[in-house]
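Each chain, written out:
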Amino acid sequence: MAKRTFKTELDIEKIDWMLQLPTEQRSKELKQCDLNSLAKAMSTFHSSKVTKIANALSPTLAQEFIRTVKMHKGEIPFPKKSAPKTKTVIKYRYGLPILASIILLLTIFFIDHLMPK
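A brief structural summary. On a predicted model such as this, the values are computed, not experimentally measured, just so you know.

The rules behind the values
Residues numbered from 1 in each chain as written. Predicted model: local features only at pLDDT ≥ 70, side-chain atom pairs only at ≥ 80, totals over all residues. Heavy atoms only, no water. Helix = DSSP H or I, 4+ residues; strand = E, 2+ residues; numbered from the N terminus. Polar contact = N/O pair within 3.5 Å; in protein donor to acceptor, adjacent residues only side chain to side chain. Buried < 20%, exposed > 50% of the residue type's maximum accessible area, 1.4 Å probe, protein only. Contact = heavy atoms within 4.5 Å. Salt bridge = Lys/Arg side-chain N within 4 Å of Asp/Glu carboxyl O. Arc of directions from axis to C-beta. Phe/Tyr/Trp six-rings, centres within 6.5 Å; stacked < 30°, edge-to-face > 60°.

1. A short note on the side chain of T68
Residue placement: T68 occurs in helix 5 (residues 59–73). Of the polar contacts made by the side chain of T68, one reaches the backbone oxygen of E64; its length is 2.7 Å.

In structure tokens, the structure reads:
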């Protein structure tokens, strides 16, 4: 069953209709609604109407709903999406130092044996 979304002018009129309902019936209607689209549609409403709708929700949902409406109004910023932290892979590169030390030992050996004393 799809939840009711609020995208058109007729849907916004349904919000006005829900504001006139008693709290118990309003909470039943809100269970059938998409709360994110309702919060986005209520960004044009006054904060007293937003709290009236939020009173029909559970206390934790009410706080989150009011916070979401304020984000859509622009009163508080949206949370920034952080990029997933990548695991740094440490690659040890021993080849070049080993090659340099072998060349150094060979030059010392040749200089020692080939140079006259």
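2. As for the environment of K14
Counting through the fold element by element, K14 comes out in helix 1 (residues 9–20). In this structure K14 comes out as partly exposed when scored by relative accessible area, which is 36%. Along the backbone, K14 and Q25 are 11 residues apart, and their C-alpha atoms lie at a distance of 14 Å. The contact partners of K14, leaving out residues within four places of it in the chain, are R4 and F6.

3. Thoughts on the pattern of salt bridges
Evaluated as defined, the whole model comprises two salt bridges. Two residues, R4 and E29, come together in a salt bridge whose shortest N-O distance is 3.3 Å. Here R4, found in the segment before helix 1, pairs with E29, found in helix 2 (residues 23–31); they are 25 residues apart in sequence, far enough to count as distant. Overall, E29 belongs to the buried group, its relative accessible area being 14%. Measuring nitrogen to oxygen at the nearest pair gives 3.8 Å for the salt bridge that ties R67 to E64. On the criterion of helical spacing, the pair formed by R67 and E64 is a turn pair, its members being three residues apart in helix 5. Residue class for R67 comes out partly exposed when judged on its relative accessible area of 38%.

4. Things to note about the side chain of S37
Residue position: S37 is located in helix 3 (residues 35–41). With a relative accessible area of 11%, S37 lands in the buried category. Within the structure, the side chain of S37 is placed 3.3 Å from the backbone nitrogen of F6, a separation counted as a polar contact. Other than its neighbours up to four places away in sequence, S37 contacts R4, T5 and F6.

5. Some details on the environment of T107
By the element assignment, T107 lies in helix 6 (residues 95–114). For the pair T107 and A56, spaced 51 residues apart in the sequence, the C-alpha separation amounts to 86 Å.

6. Some remarks on helix 4 (residues 47–54)
Those residues of helix 4 that fall on the buried side of the exposure criterion are V50, I53 and A54. Along the axis of helix 4, the buried residues cluster in a sector spanning 100°; they form a single face. Structurally, helix 4 contributes buried residues whose contacts are with helix 1, helix 2, helix 3 and helix 5.

7. What to know about the packing of aromatic side chains
All chains considered together, the criterion is met by two aromatic pairs. Look at Y92 and Y94: their rings are 6.1 Å apart centre to centre, the planes differ by 10°, and that puts the pair in the stacked class. Note on accessibility: Y92 and Y94 belong to one class, exposed. For the pair F109 and F110, a centre-to-centre distance of 5.7 Å together with 65° between the ring planes defines the contact as edge-to-face. F109 gets classed as partly exposed once you look at its relative accessible area, which sits at 46%.

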